[in-house]
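Breakdown of the fold
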Amino acid sequence: EVLLRINFNLNIEAPVEPLTWEVAFHDEFGNIWEDEFIIDVEQYAAEVEVGFVEFQNDANGDGFLSPAESASMIIYPRNDGTVMALGVWAKLVAVEPGVSITGCYTESDGGWINCGVGCNCEGVFETALHDLEAETTSDRPILRIDFELASTVALGSLSFGVAFTDNLGLTWTDLVLVDVV
């Protein structure tokens, strides 16, 4: 019995076509056995987006956002793809004028970990990373954004741009629309 183990890493940009290689086994008597191995390569089909958003701590407690009000937005990620997304973290990538970010956090082991003023949670803690099953919304928040609206913010919708990145370096972006009433 012969056991052959081959370890390899496949570049994310590799073509989506079968990997093929030949192996030849030789013995001390000059015998040769050849075999061909084929491994199918499938396109990475994770698709991370905002699953749902909760608002907490709105300053006047009415459950709606108004100009000059502060609140916390808690974002839960969803993998709408057909394969698991591993090691996902999030960051805020766009915010409209009139919105001041006062804090940014990610959840880890039941507590909130500060992501800094840039609202980028890359490299915070391993335990803060999300492994997202296909077609599933996480039951754990990935990002909490504390913010304050200026008194001059117009009524209507505001958008927050959020990016999700996995351990392969793939990034997806999504928008969170917030009604100001």
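Shown above is the structure to which this text applies.
Residues numbered from 1 in each chain as written. Predicted model: local features only at pLDDT ≥ 70, side-chain atom pairs only at ≥ 80, totals over all residues. Heavy atoms only, no water.

Quick look at unusual backbone geometry
Positive phi, close to 60 degrees, is recorded for Asn57, a residue that is not glycine. Assignment of secondary structure puts Asn57 in the loop between strand 3 (48-56) and strand 4 (70-79). By relative accessible area, Asn57 is classed as exposed at 55%. For Cys119, which is not a glycine, the phi torsion comes out positive at approximately 55 degrees. Relative to the helices and strands, Cys119 is located in the loop between strand 7 (111-114) and strand 8 (130-132). (Helix = DSSP H or I, 4+ residues; strand = E, 2+ residues; numbered from the N terminus. Buried < 20%, exposed > 50% of the residue type's maximum accessible area, 1.4 Å probe, protein only.)

With respect to the state of the cysteines
By the definition in use, this model includes two disulfides. Between the sulfur atoms of Cys115 and its disulfide partner Cys121 the distance amounts to 1.9 Å. An S-S torsion of about 105 degrees defines the bridge between Cys115 and Cys121 as right-handed. Of the residues examined, Cys115 reaches a relative accessible area of 10% and is grouped as buried. Overall, the relative accessible area of 4% leaves Cys121 in the buried class. Counting only the cysteines that form disulfides, in the order they appear in the protein chain, gives the pairing 1-3, 2-4. (Disulfide = S-S within 2.5 Å.)

Points about the nonpolar core
Taken as a class, soluble globular proteins show a tendency for nonpolar side chains to be buried jointly. Judged by nonpolar contacts, the single largest core of 31 residues is most densely connected at Ile75, Leu143, Phe147 and Phe164. Among the elements of the structure, strand 3, strand 4, strand 5 (85-95), strand 6 (99-108), strand 10 (143-149), strand 11 (156-165) and strand 12 (171-180) are those that each provide at least two residues to this core. In contact with Phe147, other than residues within four places in its own chain, are Phe55, Leu65, Glu69, Ser70, Ala71, Ser72, Met73, Val99, Ser100, Ile101, Thr102 and Phe160. (Core = buried A, V, L, I, M, F, W, Y, C linked by side-chain atoms within 4.5 Å. Contact = heavy atoms within 4.5 Å.)

Some thoughts on the pattern of salt bridges
Summed over all chains, the structure comprises three salt bridges. The partner of Arg78 in a salt bridge is Asp80, with the nearest N and O atoms 3.4 Å apart. Judged by relative accessible area, which is 39%, Asp80 ranks as partly exposed. Glu107 is paired through a salt bridge with Arg140; the nearest N and O atoms lie 3.0 Å apart. Separated by 33 residues along the polypeptide, Glu107 in strand 6 and Arg140 in the loop between strand 9 (136-137) and strand 10 bring together distant segments of the chain. Exposure remark for Glu107: the relative accessible area of 9% places this residue in the buried category. Looking at Arg140, the relative accessible area reads 22%, which means it is partly exposed. (Salt bridge = Lys/Arg side-chain N within 4 Å of Asp/Glu carboxyl O.)

Section: the sheet that holds strand 12
With antiparallel pairing, four strands are arranged side by side in an open sheet as 8-5-11-12. One side of each edge strand has no neighbouring strand; the edge strands of this open sheet are strand 8 and strand 12. Neighbour to neighbour, the strand axes of the sheet diverge by 45 degrees on average, direction disregarded. Here strand 5 runs beside strand 8; their pairing, made up of two bridges, is antiparallel. Each bridged residue has a counterpart across the sheet, and for Val88 the counterpart in strand 8 is His130. (Pairing = 2+ DSSP bridges. Axes fitted to C-alpha atoms, helices over the stretch in contact; angles between N-to-C directions.)

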